[in-house]
Amino acid sequence: MILFIFDFDNTLGDTYGPYGEGNIFRTKTLPDVEKATEIYEKYRRWTDDIVVYPKLLEEYGITDARKFFIDAGMDKQIFPDVVSFFQKLRQYQNIKIVILTAGDEVFQQLKLEITGIGKLVDEVYVTRERNKIKHIKHLIDKYKPDATIFVDDRINLSESHFDTPVTIYEMDRANKKSGDNIIHNLDELPLEKILWTK
């Protein structure tokens, strides 16, 4: 069995794009964009870059976060290659798909629900820790895969951190990097090679 672990923000979802939460908070909350940005930045920088969403929503005066984000278009946040790639993976029996994302638990779950991407995976795992090593190890212990593929836009770990085969791909949606194991969309993952050799 092959375990695919994907980060969400800027790997599967365009967090900084027009339907990303930063842009939504800055442009869809208050008439004064400068004030809206000031509020967003105040909370976004709290504790390891993780937003304290209940306080943020309260300061913006948002009482129904789900409705607010749907009305703001957050359901369009998923990058165009993601759904078709996950549907392709779903055709294989020996694959598990997990989203491992760092952030506010309530907000990350809400985001995955609104975008619909949570329905296409076996598990959603949310942590407040940016360092995902112990969480990847936990998922490997749980699923006991023959091989693991990890895709994230922030790589702060290496294959040497793990006792089992883990291949790490860095997602660079901005097309600013190149090299081994750097991809710019999910279709660049060498899926045939991964499935054939594992």
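Use the structure listed above.
Before going into details, it helps to say that this report is about the structure given with it. (Residues numbered from 1 in each chain as written. Predicted model: local features only at pLDDT ≥ 70, side-chain atom pairs only at ≥ 80, totals over all residues. Heavy atoms only, no water.)

Comments concerning the sheet that holds strand β1 (residues 2–6)
Hydrogen bonds between backbone atoms are what pair the strands of a sheet, whose relative direction is either parallel or antiparallel. Strand order across the open sheet formed by 6 strands is β3-β2-β1-β4-β5-β6, with parallel pairing between neighbours. If you trace the sheet from one side to the other, it starts and ends with β3 (123–127) and β6 (182–183), each paired once. Of the pairings in the sheet, the one linking strand β2 (residues 95–102) to β3 comprises 5 bridges and is parallel in character. Paired with Ala102 across the strands is Thr127, a residue of β3. (Pairing = 2+ DSSP bridges. Helix = DSSP H or I, 4+ residues; strand = E, 2+ residues; numbered from the N terminus.)

Here's the deal with the environment of Phe86
Note that Phe86 resides in helix α6 (residues 82–89). Relative accessible area serves as the criterion here: at 0%, Phe86 is assigned to the buried category. On a C-alpha basis, the gap between Phe86 and Leu120 in space is 6.6 Å, while along the polypeptide they are 34 residues apart. (Buried < 20%, exposed > 50% of the residue type's maximum accessible area, 1.4 Å probe, protein only.)

So, the pairing of strand β5 (residues 166–171)
With 6 of 6 residues buried, β5 lies mostly within the body of the structure. Here β5 shows two buried faces, one formed by Val166, Ile168 and Glu170 and the other by Thr167, Tyr169 and Met171. As paired elements, β5 and β6 share 2 bridges and run parallel to each other. Opposite Met171, over in β6, you have Ile183 as the bridge partner.

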